[in-house]
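Structure at a glance
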Amino acid sequence: EEYANKNVANSDDGKEDDSAKSKNEEKWATLKNSATAAYDKFSSSKLAPFFLAYVSQATGEQGNKTEAISTLEKAVEEMTAGDLKDLYRVKLAILKIDSESDDVSRAGLEALQNVASESGSGAQALALYRLGEYFWTQKKFDEVKNYWGQLVLNYGNPVESQIGTLEPSVWAEKAKSR
């Protein structure tokens, strides 16, 4: 009897997992549809590309990585220059690096290296950290040392500014801890 109760409990858990998965898929579909409608309605707005970024996220979560990349590429192209655009450039580069296509993956790595080389970019610290992570997974520890060394050197100490003392980058702190 105890064995039968355990099997019933386990089969109920499976139904709950399927239900949660279904609800999650439904949420991503709803987000994609809503963001697409918002983009269409406000396509001339400066916010339009950010609706596309939501579409890209939802599309990727639904398993269509290629469409997610192309949608985010369009979004980044439409964004005005600035730190927020650079953060999305990093996100796009990471999506590309994770692509199954070697050519797309190489293009993503190159794009991430481009952001990391831009000293005026608000996303430079993030790009340096992600490059270190990437090369860590490739077991290319000299590259890790290079990128994380740049990160710690440029962003690892407090900086005086017009608004007061800025704390070290969280990305530099994470790199130091590894």
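Residues numbered from 1 in each chain as written. Predicted model: local features only at pLDDT ≥ 70, side-chain atom pairs only at ≥ 80, totals over all residues. Heavy atoms only, no water.

1. Re the environment of Ile97
Note that Ile97 resides in helix α4 (residues 83-97). With relative accessibility at 13%, the residue Ile97 sits in the buried group. Residues Ile97 and Leu112, 15 residues apart in the sequence, show an inter-C-alpha distance of 9.0 Å. (Helix = DSSP H or I, 4+ residues; strand = E, 2+ residues; numbered from the N terminus. Buried < 20%, exposed > 50% of the residue type's maximum accessible area, 1.4 Å probe, protein only.)

2. Remarks on the nonpolar core
Val90, Leu112, Ala127, Leu131, Phe135, Trp148 and Leu151 are the most contacted members of the largest nonpolar core, which has 21 residues in total. Listed by contribution, the elements that provide at least two residues to this core are α4, α5 (102-116), α6 (124-137), α7 (141-155) and α8 (170-177). In terms of residue count, the dominant contributor to this core is α6 (7 residues). Core analysis: the second largest hydrophobic core is formed by 10 residues, Tyr39, Leu72, Ala75 and Leu92 among them. (Core = buried A, V, L, I, M, F, W, Y, C linked by side-chain atoms within 4.5 Å.)

3. Brief notes about a nonpolar patch on the surface
Taken together, the side chains of Val159, Ile163 and Leu166 present a nonpolar region at the surface, about 300 Å² in accessible area. With respect to the helices and strands, Leu166 occurs in strand β2 (residues 164-166). (Patch = residues over 30% accessible without salt bridge, like charges linked within 9 Å, V, L, I, M, F, W, Y side chains within 5 Å. Areas by Shrake-Rupley, 256 points an atom, 1.4 Å probe, with all protein chains shown as cover. Salt bridge = Lys/Arg side-chain N within 4 Å of Asp/Glu carboxyl O.)

4. Thoughts on the packing of aromatic side chains
The geometry of an aromatic ring pair is captured by the separation of the ring centres together with the interplanar angle, meaning the angle of the planes. Tallying each qualifying case throughout the model produces 8 aromatic pairs. Between the aromatic rings of Tyr129 and Trp148, the centroid separation amounts to 5.4 Å while the plane-to-plane angle is 15°, which identifies the pairing as stacked. Of this pair, Tyr129 sits in helix α6 while Trp148 sits in helix α7, and the two are 19 residues apart along the sequence. Taking the relative accessible area as the measure of exposure, Tyr129 reaches 2% and is therefore buried. Take Trp148: its relative accessible area is 7%, and that puts it in the buried class. (Phe/Tyr/Trp six-rings, centres within 6.5 Å; stacked < 30°, edge-to-face > 60°.)

5. Notes on the packing of helix α2 (residues 48-61) against α4
Direction vectors running N to C along α2 and α4 enclose 20°, while the axes themselves pass 13 Å from each other. Taken together, the axis directions place α2 and α4 in an arrangement best described as roughly parallel. Note on packing geometry: the crossing formed by α2 with α4 is left-handed. Between α2 and α4, the residues in contact are Phe50, Ala53, Ser56 and Gln57 and Leu84, Tyr88, Lys91 and Leu95, respectively. The residue inventory of the contact of α2 with α4, partitioned by class, reads 5 nonpolar, 2 polar and 1 charged. (Axes fitted to C-alpha atoms, helices over the stretch in contact; angles between N-to-C directions. Parallel < 35°, antiparallel > 145°, perpendicular 65-115°, else oblique. Left-handed = near helix turned anticlockwise from the far one by under 90°. Contact = heavy atoms within 4.5 Å. Nonpolar A, V, L, I, M, F, W, Y, C, P; charged D, E, K, R; others polar.)

6. Examining the packing of α6 against α7
Closest axis-to-axis distance for the α6/α7 pair is 8 Å, and the angle between their directions is 160°. It follows from the interaxial angle that α6 and α7 lie roughly antiparallel. Seen along the crossing, α6 lies across α7 with a hand that is left-handed. Packed against α6, whose contacting residues are Gln124, Ala125, Leu128, Tyr129, Leu131, Gly132, Glu133, Phe135 and Trp136, the element α7 presents Phe141, Glu143, Val144, Tyr147, Trp148, Gln150, Leu151 and Tyr155 at the interface.

7. Describing unusual backbone geometry
One non-glycine residue, Lys139, adopts positive backbone phi at about 60°. With respect to the helices, strands and loops of the structure, Lys139 is situated in the loop between α6 and α7.

8. What about the environment of Ile69?
For Ile69, the position within the fold is in helix α3 (residues 65-78). Accessibility expressed as a relative area gives 8% for Ile69, which makes it buried. The spacing of Ile69 and Tyr155 is 86 residues in sequence and 30 Å in space, taken between C-alpha atoms. With near-sequence residues (within four places) excluded, Ile69 lies in contact with Leu92, Leu95, Lys96, Ser99 and Val104.

9. A short note on α6
Compared with the 20 Å implied by 1.5 Å per residue over 14 residues, the 20 Å span of α6 between its first and last C-alpha is a close match. What α6 keeps buried is the set Gln124, Ala125, Leu126, Ala127, Leu128, Tyr129, Leu131, Gly132 and Phe135. The inward-facing, buried residues of α6 abut α4, α5, α7 and α8. Once α6 finishes, Lys139 follows within two positions and takes phi at roughly 60°, a positive value. (Expected span 1.5 Å × (residues − 1).)

The values are spatial; any link to function lies outside them.
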